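# Observations on chain architecture
Each chain, written out:
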Amino acid sequence: MAKTENTPRLIAENRKARFDYFIEERYEAGLALQGWEVKAMRAGRAQLKEAYVFVRDEEAFLFGAHISPLNSASSHGIADPTRTRKLLLHRSELSGLIGSVERKGYTLVPLELYWKNGRAKLQIGLAKGKKQHDKRAVEKDRDWQRDKARLMRHR
């Protein structure tokens with residue numbers, strides 16, 4: 001009997017998101033994908049670097065994510081690497097996110113794209129943007145932690 005895989009396998013992550021935003025809550029969303037996109041993601045040809053999530057007509061969409069088509073994947077349509085993809089969320093999660101984004105000034109940021117039980121999932125974060133001085137403080141604290149660890153090793 002084949003054992004199903006429960007541990008998520010990372011496809012792509014948005015490292016810049018943690019630097020640019022305070023992530024307050026995380027949600028897991030499915031993606032409505034085409035066949036060539038799934039094949040390309042299995043080959044690891046996806047990027048979330050300039051992607052963002054927006055809400056329109058009580059639906060969430062991933063915009064700007066780049067999935068490069070494979071040369072061997074024959075599709076009958078034209079493969080658009082940066083097409084807008086619909087996110088699949090529960091109605092209750094979606095209505096909560098819509099309220100936070102529209103009334104409280106939050107942003108939805110894609111964090112990680114991964115496989116879970118053979119399905120592509122996107123982790124999105126409910127986030128507030130960091131100001132420039134916040135980013136500098138985080139960088140300064142990270143440098144201090146690194147220096148402190150170095151000093152403790154040399155004792």
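Reference entry: report on the structure contained in this document. (Residues numbered from 1 in each chain as written. Predicted model: local features only at pLDDT ≥ 70, side-chain atom pairs only at ≥ 80, totals over all residues. Heavy atoms only, no water.)

### What about unusual backbone geometry?
Most peptide bonds adopt trans geometry, and most residues besides glycine take a negative phi value. As a reminder, the rule being used: Where helices and strands are cited, they refer to DSSP runs of H or I of at least four residues and of E of at least two residues respectively, numbered from the N terminus. Summary of the burial criterion: residues with accessible area below 20% of their type's maximum are buried, those above 50% are exposed, and those between are partly exposed, where the area comes from a 1.4 Å probe applied to protein chains only.
Although it is not a glycine, Asp-57 sits at a positive phi angle of roughly 55 degrees. Positive phi values are uncommon outside glycine, yet Glu-58 reaches one of about 55 degrees. When you line up the elements, Glu-58 lands in the loop between strand 4 (52–56) and strand 5 (59–63). A relative accessible area of 52% places Glu-58 in the exposed class.

### A look at the packing of aromatic side chains
Inclusion rule: Think of it this way: a Phe, Tyr or Trp ring, Trp meaning its six-membered ring, pairs with another when their centres are within 6.5 Å, and the plane angle makes it stacked under 30 degrees, edge-to-face over 60, tilted otherwise. In this analysis the charged atom, NZ for Lys or CZ for Arg, is taken to sit over a ring once it is within 6 Å of the ring centre and within 35 degrees of the ring normal.
Enumeration over the complete set of coordinates arrives at 4 aromatic pairs. Taken together, Tyr-52, Phe-54, Phe-61 and Phe-63 form an aromatic cluster joined through their ring pairs. The cationic tip of Arg-42 hangs over the ring face of Trp-115; the distance from NZ or CZ to the ring centre is 4.1 Å. Taking the ring centre of Phe-61 as reference, the NZ or CZ of Arg-56 above it sits at 5.2 Å.

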